[in-house]
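Tertiary structure, described
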Amino acid sequence: MKQSSPSCERNKEPILAVLREILVEPGLVLEIGSGSGQHAVHFARGLPHVIWQPTDVAANLPSISAWRDEAGLANLRAPLDLDLFSGDWPVRAAQAVVCINTVHIVSWEGVKRLFAGAARRLAPRGILYVYGPYRYADRPLEPSNEEFDRWLKARDPLSGVRRFEDVNCAAMENGLTLAGDRAMPANNRSLWWTRN
Ligand SMILES: C[S@@+](CC[C@H](N)C(=O)[O-])C[C@H]1O[C@@H](n2cnc3c(N)ncnc32)[C@H](O)[C@@H]1O
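Residues numbered from 1 in each chain as written. Predicted model: local features only at pLDDT ≥ 70, side-chain atom pairs only at ≥ 80, totals over all residues. Heavy atoms only, no water.

1. Notes on the environment of alanine 119
Here alanine 119 is to be found in helix 4 (residues 108-121). Taking the C-alpha atoms as reference points, alanine 119 and lysine 2, 117 residues apart in sequence, are found 31 Å from one another. Those residues in contact with alanine 119, other than ones at most four positions away along the chain, are Asn174, Leu176 and Arg195. (Helix = DSSP H or I, 4+ residues; strand = E, 2+ residues; numbered from the N terminus. Contact = heavy atoms within 4.5 Å.)

Next comes the structure, spelled out in structure tokens:
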């Protein structure tokens, strides 16, 4: 049941450091594409003033539940089935939406649904945070991310490392304003927007 991702172990602490800085308000944090559930446990433990709501497609929920059961944290909710391609999200309102290493996995249509769905549910001044690799118009993609992009596209031609400018455009179209863009280990970025 309990899946384990080595990359989660490597990136959970640097990501938590950013989340501690930006998720200062109490409230519900909706995580999209929670994966194994390791991040949900680490972030709920590290951010005791928020309620962490993990979600993913149904196949991943047993692992998230197993991590949650073991951790026994009062501020970590049971995982919910949230597929970006199903019309309805099981959460109506959130103080923040967090989505890690998922924008390059889903198709562009999925990315657009993420931004539209998050913006609809965020409270005013609420935050959408994403983490992963991004391309920028003013500099070449890092060789490790070029290779990763080729690997992603060989697996699923609709996936791939997204252009920052496209993602930021999707955010602006949904009333979100860029609030931060920070370099992270292993050529990843933390990007976050606030709802106008
Ligand atoms: C590379 S994994 C990242 C998982 C986790 N956030 C992490 O950093 O380890 C991508 C995640 O996107 C989820 N995902 C894929 N398609 C999805 C969809 N249509 N709706 C919601 N999540 C999706 C996968 O199930 C998976 O958990």
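Read on, since the account is not over.
2. Points about the environment of lysine 153
Structurally, lysine 153 is set in helix 5 (residues 143-155). The exposure class of lysine 153 is partly exposed, given its relative accessible area of 36%. Taking the C-alpha atoms as reference points, lysine 153 and leucine 141, 12 residues apart in sequence, are found 15 Å from one another. Look past the residues within four positions of lysine 153 in its chain and what remains in contact with it is Arg135, Ser159 and Gly160. (Buried < 20%, exposed > 50% of the residue type's maximum accessible area, 1.4 Å probe, protein only.)

3. Section: the pairing of strand 2 (residues 50-56)
Along strand 2, six of the seven residues are buried, which leaves the element largely enclosed by surrounding structure. In the sheet, strand 1 (residues 27-32) pairs with strand 2 via five bridges, with the strands oriented parallel. By the bridge assignment, glycine 27 is partnered in strand 2 with valine 50. Regarding the hand of the β-α-β motif, the stretch spanning strand 1, helix 2 (residues 38-46) and strand 2 is right-handed. Bridging between strand 2 and strand 3 (residues 80-81) involves two bridges; their strand directions are parallel. (Pairing = 2+ DSSP bridges. Right-handed = clockwise from strand over helix to strand, strands pointing away.)

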